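# Topology and contacts: notes
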Amino acid sequence: MPNKFTKLLELKDISLYHKENIRLKGVNLTVHQGEKIALIGKSGSGKSTLISIANGSLLPNEGEVRWKGNNIKKISRRESSNIGTIWQDLSLIEELNVAQNINCGALGKHNFLWALKNLLGIVDQELCQECLTAVYLPKKAIYSYISKLSGGQKRRVAIARLLRQEPEFVLGDEPFSNLDPLLSKKILDLLINKEKFSSITIPNTMLISLHQINLINNFSRVIGLKDGKIVIDSSIKDINSLNLDWIF
């Protein structure tokens, strides 16, 4: 159950605009530890913008983002690694192999020497293989180069990199794109139900934007965006087809 007394992320009066192009307007959102939140809205509603602001990679014109009560711009590199993001464009490094990309998830928790070792060869091979197993890729894939993988395989490597990071909180920008419906459901089950592994810990709090609306029943809370504003913030049991029709 969500711990309603532990605030992880707070977006306070967030607005982002350029001239007359308003991307977010007056957004207020609090995420508590343990919540599983689906972010929905049609293309251009502001979902990707909200996620980029939530992890501190994009600064709003107005408002403040707080992580565990602190301004997100002032937290340490190590603390910021507790916020993991699956980007829509994946942000994988094509010239590196799968293991090196997976280990990039742990860069925020290691020093420069460890990062150099990762570039020179395979670091923590067994741990990388366990991350691959979790996303239904064969262990031998650690030796493959990203440029040789299919779109769906790349997406699973990006999710494996997130597992390697072991964040407290996951932000996902349509992370199940390029995955078939069955595999999408399996990966979501992995994140929602926190399957047990010997060496990796599945994060228990997430905010994930979805284009597969059939997946929202797996979440406890739904945030709906329309024209840059939050117009729905409800538990899943209060969402019905009328809500969804209005959003889309």
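Model, not experiment: these values are computed from the prediction. (Residues numbered from 1 in each chain as written. Predicted model: local features only at pLDDT ≥ 70, side-chain atom pairs only at ≥ 80, totals over all residues. Heavy atoms only, no water.)

## Notes on the overall build of the protein
Summing up its helical and strand segments, the protein has eight helices and ten strands in all. Its C-alpha atoms give the protein a radius of gyration of 18 Å, near enough to 18 Å, the size a compact globule of 248 residues would have. On the principal axes, the C-alpha backbone points of the protein span a range of 50 × 40 × 35 Å. Taking all 248 residues of the protein together, the buried fraction comes to 51%. (Helix = DSSP H or I, 4+ residues; strand = E, 2+ residues; numbered from the N terminus. Rg over C-alpha atoms; globule rule 2.2 N^0.38 Å. Buried < 20%, exposed > 50% of the residue type's maximum accessible area, 1.4 Å probe, protein only.)

## Notes on the packing of aromatic side chains
Enumeration over the complete set of coordinates arrives at one aromatic pair. Here tryptophan 67 and phenylalanine 169 contribute two aromatic rings whose centre-to-centre distance is 6.1 Å and whose plane-to-plane angle is 20°, an arrangement assigned as stacked. Of this pair, tryptophan 67 sits in strand E4 (residues 62-67) while phenylalanine 169 sits in strand E7 (residues 169-173); the two residues are 102 residues apart in sequence, bridging distant segments of the chain. Exposure class is identical for tryptophan 67 and phenylalanine 169. Each is buried. Over the ring of tyrosine 136 we find lysine 186; its NZ or CZ atom is 5.1 Å from the centre of that ring. (Phe/Tyr/Trp six-rings, centres within 6.5 Å; stacked < 30°, edge-to-face > 60°. Lys NZ or Arg CZ within 6 Å of the ring centre and 35° of its normal.)

## Things to note about the layout of surface pockets
What the largest pocket holds in volume is close to 420 Å³. Ile83, Thr85, Trp87, Cys104 and Gln165 are, among the 21 residues lining the largest pocket, the residues nearest its centre. For the lining of the largest pocket, the elements supplying multiple residues, two or more each, are helix H2 (77-80), strand E6 (83-86) and helix H6 (151-165). The class makeup of the residues in the lining of the largest pocket is nine nonpolar, ten polar and two charged. (1 Å grid on protein atoms, 1.4 Å probe; cavity = no way out; pocket = protein on both sides within 12 Å on 5 of 7 lines; lining within 4 Å. Points joined across faces, edges and corners; volume = space filled by probe spheres on them. Nonpolar A, V, L, I, M, F, W, Y, C, P; charged D, E, K, R; others polar.)

## Things to note about unusual backbone geometry
The residue aspartate 13 is not glycine, and still its phi comes out positive at about 50°. Turning to its location among the elements, aspartate 13 is positioned in strand E1 (residues 3-18). Phi at lysine 68 takes a positive value of approximately 50°, unusual for a residue other than glycine. A residue is classified by how much of its surface remains accessible, and lysine 68, at 36% relative accessible area, is partly exposed.

## Concerning the sheet that holds strand E8 (residues 205-209)
With mixed pairing, six strands are arranged side by side in an open sheet as E6-E7-E8-E3-E9-E10. In this open sheet, the two edge strands, each paired with only one partner strand, are E6 and strand E10 (229-235). Adjacent strand axes in the sheet meet at a mean angle of 15°, parallel and antiparallel pairs treated alike. Inspection of the sheet shows strand E3 (residues 36-40) paired to strand E9 (residues 221-226) by four bridges, in the parallel sense. For isoleucine 37, the partnering residue across the bridge sits in E9 and is arginine 221. The strands touched by H6 within the sheet are E6 and E7, with E6 carrying the most contacts at an inclination of about 175°. (Pairing = 2+ DSSP bridges. Axes fitted to C-alpha atoms, helices over the stretch in contact; angles between N-to-C directions. Contact = heavy atoms within 4.5 Å.)

## With respect to the pairing of E10
Sheet topology note: the E9/E10 ladder contains six bridges and is antiparallel. Looking across to E10, one finds that lysine 226 is bridged to lysine 229. Hairpin connection from E9 to E10: two residues lie between these consecutive antiparallel strands, with aspartate 227 at a positive phi of about 55°.

## With respect to helix H5 (residues 125-134)
Most of H5 sits inside the fold, with seven of its ten residues counted as buried. Every buried residue belonging to H5 is among Leu127, Cys128, Gln129, Glu130, Cys131, Leu132 and Ala134, and all of these are buried. Positive backbone phi, at 65°, marks tyrosine 136, one or two positions downstream of H5.

## As for the environment of leucine 215
Mapped onto the elements, leucine 215 comes out in the loop between E8 and E9. Among the residues examined, leucine 215 registers a relative accessible area of 4% and is labelled buried. Put simply, leucine 215 and serine 184 are 31 residues apart on the chain and 8.7 Å apart in space, counted from C-alpha to C-alpha. Contacts of leucine 215, omitting those with residues within four sequence positions, involve Phe176, Ser184, Lys185, Leu188 and Leu210.

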